[in-house]
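Observations on the three-dimensional arrangement
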Amino acid sequence: MDAENRETLVVSPVASGDPAIGRALWRLEDGRKRTLETLNGLREEMVDRHSLDENSIGTILYHIALIEADWLYTEVLEQELDSDLAALFPLVHRDAAGNLTAATGYTLAQHLHRLRAVRARLLEVYQSMDDVEFRRLRSLPDYDVTPEWVLHHLTQHEAEHRGQIGALRSALEHL
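A short tour of the structure in this document, coming up. Sequence order as written defines the numbering, with residues in each chain counted from 1. In keeping with the predicted nature of the model, local features appear solely for residues at pLDDT of at least 70, side-chain atom pairs appear and are counted solely at 80 or more, and the whole-chain, interface and lining totals rest on all residues. Side-chain measures were taken over the full set of non-hydrogen atoms in the model, leaving aside hydrogen atoms and water.

**Some remarks on the packing of aromatic side chains**
Geometry of aromatic contacts follows a simple scheme: Phe, Tyr and Trp rings, the Trp one being its six-membered ring, pair when their centres are within 6.5 Å, and the pair is stacked under 30 degrees between planes, edge-to-face over 60, tilted otherwise. Per the stated rule, a full pass over the model turns up 5 aromatic pairs. With a centroid separation of 5.5 Å and an interplanar angle of 80°, the aromatic rings of Tyr62 and Phe89 are classed as edge-to-face. Of the two residues, Tyr62 is situated in helix H2 (residues 57-77) and Phe89 in the loop between helix H3 (83-86) and helix H4 (108-127); the sequence distance between them amounts to 27 residues. We note that Tyr62, like Phe89, is buried. In this structure an aromatic cluster arises from ring pairing among Tyr62, Phe89 and Tyr106. Put simply, a charge is over a ring when the Lys NZ or the Arg CZ is close to the ring centre, within 6 Å, and near the line of the ring normal, within 35 degrees. Stacked on the ring of Tyr106, the Lys or Arg Arg114 has its end atom at 4.6 Å from the ring centre. Helix numbering and strand numbering both begin at the N terminus, where a helix is a DSSP run of H or I of at least 4 residues and a strand a DSSP run of E of at least 2. Note on exposure labels: buried denotes an accessible area under 20% of the residue type's maximum, exposed denotes more than 50%, and partly exposed covers the range between, all computed with a 1.4 Å probe on protein chains only.

**Some words on the nonpolar core**
Joining through side-chain atoms within 4.5 Å is the link that ties buried Ala, Val, Leu, Ile, Met, Phe, Trp, Tyr and Cys residues into a set, and such a set is a nonpolar core. Within the largest apolar cluster, 45 residues are counted, with the highest numbers of intra-cluster contacts made by Leu25, Leu39, Leu61, Phe89, Leu122, Tyr126 and Leu151. Contributions of two or more residues to this core are made by helix H1 (19-39), H2, H4 and helix H6 (147-173). At 13 residues, H2 tops the list of elements feeding residues into this core. Residues are treated as being in contact if the distance between any of their heavy atoms lies within 4.5 Å. When residues no more than four places from it in sequence are discounted, the contact partners of Phe89 are Tyr62, Ala65, Leu66, Ala69, Leu81, Arg114 and Val118.

Spelled out as structure tokens, the structure:
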């Protein structure tokens, strides 16, 4: 590979008050960049389609955004979801059987807007956070958690669903 086409793979921390937070936010943002690359060129009619017992791509995108908002507000901020973000989630998360509620009838642009809105709020919160708050243990009824671990979890959660989206997209394109 020539020098002109050589990639440089480095972590470029997101601006924040603490370098560790900036690096964790970079990992989260890198994951989102990869999710958007997986969605690049997705035909609109594929958003609500699904294969066998799989959720649709739209349902998975709704779920990713909802989980990110829920962890940000419940675990990190320890408060109810702000009304402007709550308005983006009119559907209950799961049905009586525990399955994700089908988030159909939304365009890809609407799903992407929801993801951007939640992410903007998350970045706003974390970028203003200091190291002490980043590592402060929150005690919830079933577990204790830090905002640092929440970022780790959200990064992993989106990566797992990005793989699911990629596999589903590939299957749907070959139907």
